[in-house]
Structure formats: structure tokens, C-alpha cells
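Structural characterization, general
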2 protein chains.
Amino acid sequence: MTEKVITAAFLVIGDEILSGRTKDKNIRFLASYLTEIGIDLNEVRIVPDVQDKIVEAVNALRAEYTYVFTSGGIGPTHDDITADAIAKAFNVPIGLDPRAFKLLEDHYGAENFTQARQRMARLPEGSDLIENKVSIAPGFKIENVHVMAGVPAIMQAMVDAVAPTLDTGLKMLSKAIDAPLPESRIATDLGEIQKKFPETSIGSYPQSKDGVFSTQIVVRCRSNVVLEQTSAAVQAAVETAKTKYL
Amino acid sequence: MTEKVITAAFLVIGDEILSGRTKDKNIRFLASYLTEIGIDLNEVRIVPDVQDKIVEAVNALRAEYTYVFTSGGIGPTHDDITADAIAKAFNVPIGLDPRAFKLLEDHYGAENFTQARQRMARLPEGSDLIENKVSIAPGFKIENVHVMAGVPAIMQAMVDAVAPTLDTGLKMLSKAIDAPLPESRIATDLGEIQKKFPETSIGSYPQSKDGVFSTQIVVRCRSNVVLEQTSAAVQAAVETAKTKYL
């Protein structure tokens, strides 16, 4: 079986996330979505509305991962600088895109299609449109970079529009085992199980609730058979530790 | 007035955030906390539990910002590789730290201070401890990098422990103005106000609720006088737009 791995990075653009004023809602959405369709989200970056920072991040990420997704900064205001930054990253001109122009002109009506709104039709040369069912103003795709809105409802609609065009790999499967013990009580066993099943990734996540520590162990693997074997070994180790320490 | 700007980056380490299984709770906490004490959070990265990725990110960020904070990967299990990665990033040896060893031995008792737990006393050479009031196992600081736990309650306690040691700058002040209009209706005015007050940063954040678009405009500035002048100009522009379009 060929194990084709498709990777992605997500670049969140926006001062408001970095100042703590706005809580990001897009990272977990995209992380879960990509995992579900067989794409591994391998890196996330959050950068401010500063052209150099966007250019640097886009160029680093697009060279390293199969796909890059961005959110934020594609609206009509002066602080929406993502399209210009992407054009600079790809070293291509930016200008009014006739397809985006027509979509927006039809939507607003010629008399209400102000200069500010026309700004949303400015795209880097060589872009394809990403449909926006919520508020029309499109996102765009250039090479492996998908540029989307930051408003969660619009971002999610754009991800839905993009998903069918993406190459996907074998889905990463996972299984969670809860242990009512601090992770140090099962750490040695988990290390040995990880060595025995190197094609899995075993994560151990300590949790504390009202001062009581427990652990969630998550086994991840692309093969269901190996996932089941590994999970059974973890479950057995947890049972032994419970007998010993509870 | 000297405007001392102190910057920071936050590196979140953990497969569980990237797979969407766990929702990050630390980014917004740290973003708000740093803003409050006069440190600008300028970048966030989320990377998986992969040594090379951690090393690369730590080295890029510590060269660029006043401070780096990390969360995750400092527990007792095989997937806790942050301390080793930090040692590699700084090219220093890692070994049992006598101070951390004693703290943990006193806490667990010699008979329960297992090898797995001793793993949490392994620190890069040259580190200082960061106190952990919640579960004792310390974080650590090496040069400008602060390495903290991923469990939110512990991470927050560590931030509290670290904060008094940090150099802080003039606090970034902000004021939000709500406009019951889509942002394209005030975009031109906002652009002009931004040009008139270049020392501010004016952000425009579209929101949609039940299909109705509104905008939150956030003015940020380190001078209270300029903040008030700029906010007044924005408020006036919003009132004019309301008269015109509502």
C-alpha cells in the first residue's frame, strides 16, 4: 500500500488575534476539516497585518508543504493587505480581476460598486477565484496557496468550495484512551509501546480538573489494523497501572 | 517620550492542536496577558512534536523577538521532547538539573520519584527554573526563551511566575467603535483617518450575524491623546455613514 502524505500549513493574518482582542475560531475548524479529508496540517502561523511578515511566512510555508491556506485581510479596508502581500510573495503584478469585478458588480449593482468595494476585485495575476457563497467577494488560489476570508462563516464556506479540488492522502486515524492517572504512571509503558509500533504516533495529554490529574492517550496511525493493536496495548497498560496505583 | 517596544513570539508545540483534537486555550490567554503588561505579541507558530520543527522555529523566533514563550512537551512521556529540542537549538548539553531534581524528589518522595518523573528534571545547561505552583515540575528559561507547560492551568501559573522578570514597554492602548454597517461603507473614510494619524493602527473587523453585516473598528495607539483624537474621528465618520446608508 502506498502511503501518500499530503501536508498543509495555515497562515492566520491579523493584528486582532495577536492582541488577544479576537479569539481565533478558524484554526481548530481547519485542523479538524483537513484531518477528516486526509490532509495533515503540519504548521500554523499567526502574523500581524504587516506586508513583510506575510510575504516571509507565505514563501516559507509554500515551499515546505503541499498546500497553504491563509485567512484574513481580503476585505475592502486599508488594513486588508493580504492580496498585495501574496502578489509580492509570488512576484507577480496585482490588478482588477475581470471575473471578480463582474461578480461584485452584479452583486452590489453598478451604482453601489464603490471604489472601496472594487478593492476586493484586486487579485494577483494568475489567480483562480474561490467561491464565497456567504458574501460574494471571492477568495483566490495561486499555485498551492489558498487565500480566504477571516470571518469564520465565510472562511468555512470557502474551505467547502476548495475541498473538492484538493489532493488528499490516506486519512490519519486516531483512537483516544482515557487513563484516570497522572501521565508519569504510564510514561514508561507508553514509551515501550511507541517503540514496538513505530508507525503510530502515541500522544499523551495530561489534564487537570479540580486538582486531580488524568491523562488522555491518543494513538494515531493510517492503518486501522495497527491502530487497533496499539490501542489494545495501551488499554492493557492502563489497566495494569490502575491496579497498581489506584 | 521614548517609545520602548518589547516584542514576543509564542510557539505552541503539540500534534493535538494541529490534528484538531484539542482546542488551543493558551494563545488568547498569552496574547491578552502580554498586551496588558506592555509587550507586543508579534507572531505565533504551532508546530508538531517533531524535533527539527521545534529547533527551527525556536531559532527563527528567538533571533527576531525580545522574548519567546513556548507551551507543551515538557512532561514525563516519550512524546515530551521540548527540553531536548531547546538544548539542540541552543547547542548546549542537557542533563538532570539538581534544583529541578530536588523539587520533584521532595514532591513525589524518593520512593515514588520514578525514572519517568526524573525525565522532568532534565534541562538544557544554563537554564533557570520557572516555578510551577500547580504541579511542581518546573518550566525553564534559557536566554530569552521561556519554556512552559501546555496544560492551561499550569501554563497560566508559569506566566504569572515569569511576568515580574520581563522587561515591558509602553502599553498599547485600544478603543473599539461598533458600526452597524458593512465595512465597505466606511472603508474610504477609515483609510483617510489612518493616513492622518499614522502613529495609530486602525483595524476594521467585519462581523456577520444572521446574515447582517456589521463592523468593529479598533484603534490602537500607545498615546492616549492620539487614541482619543483618532477614535473621535472614526466615530464621526461612522455617524455620517449611518445617516447616509441606514
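Please read all numbers here as calculations on a predicted model, not as lab measurements. (Residues numbered from 1 in each chain as written. Chains lettered and ligands numbered in written order. Predicted model: local features only at pLDDT ≥ 70, side-chain atom pairs only at ≥ 80, totals over all residues.)

Here we look at the overall build of chain A
Within chain A, the secondary structure is distributed over nine helices and eleven strands. Relative to its length of 246 residues, chain A is extended, with a C-alpha radius of gyration of 22 Å against a globular reference of 18 Å. In chain A, buried positions account for 49% of the 246 residues. Sequence separation of 24 or more characterises 67% of the internal contacts of chain A that already satisfy a separation of 6 or more. (Helix = DSSP H or I, 4+ residues; strand = E, 2+ residues; numbered from the N terminus. Rg over C-alpha atoms; globule rule 2.2 N^0.38 Å. Buried ≥ 20, exposed ≤ 12 C-beta atoms within 10 Å, placed from the backbone. Contact = placed C-beta atoms within 7 Å.)

Quick notes on the interface of chain A and chain B
The interface of chain A with chain B comprises 51 residues on the first partner and 51 residues on the second. When contributions to the side of chain A that touches chain B are tallied by element, the ones reaching two or more residues are helix H1 (15-18), helix H2 (26-37), strand E2 (40-47), helix H6 (115-118), helix H8 (187-196) and strand E10 (201-209) of chain A. By residue number, the principal contributor to the side of chain A that touches chain B is E10 of chain A, which donates eight residues. Among the residues making up the side of chain A that touches chain B, the classes are represented as 19 nonpolar, 21 polar and eleven charged. (Nonpolar A, V, L, I, M, F, W, Y, C, P; charged D, E, K, R; others polar.)

With respect to the sheet that holds E10 of chain A
Residue and element names in this part refer to chain A. The strand order across the open sheet built from three strands is E9-E11-E10, with neighbouring strands paired in antiparallel fashion. The sheet is open, and its two borders are formed by strand E9 (173-179) and E10, each paired with just one other strand. With direction set aside, neighbouring strand axes in the sheet form an average angle of 20 degrees. Note that E9 and strand E11 (residues 212-221) share seven bridges and pair antiparallel. From the neighbouring strand, aspartate 178 faces E11, where its bridge partner is glutamine 216. Against the sheet, helix H9 (residues 224-245) engages E9 and E11, with an angle of about 5 degrees to E9. (Pairing = 2+ DSSP bridges. Axes fitted to C-alpha atoms, helices over the stretch in contact; angles between N-to-C directions.)

Focus: the domain arrangement of chain A
In terms of domain boundaries, chain A breaks down into domain 1 (7-165) and domain 2 (173-245). A straight line from the C-alpha centre of domain 1 of chain A to that of domain 2 of chain A covers 38 Å. (Domains from an automatic or database assignment.)

A word on the relation of the copies chain A and chain B
Least-squares fitting of chain A to chain B yields an RMSD of 0.0 Å, with the transformation described by 0.0 Å of translation along the axis and a rotation of 180 degrees. The superposition of one copy onto the other is thereby described by a two-fold rotation axis. Proximity to the rotation axis, assessed at the C-alpha, singles out arginine 45 of chain A in chain A; its C-alpha lies 2.2 Å from the axis. Mapped onto chain B, 100% of the interface residues of chain A again fall at the interface, so both copies present the same surface. (Least-squares fit on C-alpha atoms with pLDDT ≥ 70 in both.)

A closer look at the pairing of E10 of chain A
Residue and element names in this part refer to chain A. As judged from the nine bridges shared by E10 and E11, these two strands associate in the antiparallel manner. Bridge pairing links tyrosine 205 to glutamine 216 in E11. Between E10 and E11, which pair antiparallel and follow one another directly, the connecting turn spans two residues, one of which, aspartate 210, has a positive phi of 50 degrees.

So, the packing of helix H8 (residues 187-196) of chain B against helix H9 (residues 224-245) of chain B
Helix-helix packing is characterised by the crossing angle of the two axes and by the distance between the axes. All names here are of chain B. Look at H8 against H9: their axes get within 10 Å of each other, and the N-to-C directions meet at 160 degrees. Our classification of the angle between H8 and H9 gives roughly antiparallel. Crossing hand, H8 versus H9: right-handed. Residues Asp189, Leu190 and Ile193 of H8 touch H9, and the partners they reach there are Thr230, Ala233, Val234 and Ala237. Residue composition of the contact of H8 with H9, by class: five nonpolar, one polar and one charged. (Parallel < 35°, antiparallel > 145°, perpendicular 65-115°, else oblique. Left-handed = near helix turned anticlockwise from the far one by under 90°.)

Observations regarding H8 of chain A
Residues of H8 of chain A that are buried include every one of Ala187, Asp189, Leu190, Ile193 and Gln194 of chain A, and no others. Viewed end-on, H8 of chain A has its buried residues packed into an arc of 160 degrees, placing them on one side of the element. Looking at H8 of chain A, the residues exposed on the side facing more than 90 degrees away from the buried face are Lys195 and Lys196 of chain A. The inward-facing, buried residues of H8 of chain A abut E10, E11 and H9 of chain A together with helix H6 (115-118) of chain B. (Arc of directions from axis to C-beta.)

Some remarks on the packing of H2 of chain A against helix H7 (residues 152-162) of chain A
All names here are of chain A. Across the interface, H2 lies against H7 with an axial gap of 11 Å and an inter-helix angle of 20 degrees. Relative to H7, H2 is oriented roughly parallel. The way H2 lies across H7 gives a crossing that is right-handed. Seen from H2, the contacting residues are Asn26, Phe29, Leu30 and Tyr33; seen from H7, they are Pro152, Met155, Gln156 and Val159. A class-by-class count of the residues in the contact of H2 with H7 yields six nonpolar, two polar and no charged.

Re the sheet that holds strand E3 (residues 67-71) of chain A
Pairing is mixed in the open sheet, where twelve strands are placed in the order E6(A)-E7(A)-E8(A)-E3(A)-E1(A)-E2(A)-E2(B)-E1(B)-E3(B)-E8(B)-E7(B)-E6(B). Two strands close off the open sheet at either side, each with one partner strand: strand E6 (128-130) of chain A together with strand E6 (128-130) of chain B. Averaged over all pairs of adjacent strands, the angle between their axes in this sheet comes to 20 degrees, without regard to strand direction. For strand E7 (residues 139-142) of chain A and strand E8 (residues 145-148) of chain A, the ladder comprises three bridges, and the chain directions are antiparallel. Note on E8 of chain A: the bridge partner recorded for phenylalanine 140 of chain A is valine 147 of chain A. Helix H4 (residues 82-90) of chain B contacts strand E1 (7-13), strand E3 (67-71), strand E7 (139-142) and strand E8 (145-148) of chain B of the sheet and is inclined by roughly 165 degrees relative to E8 of chain B.

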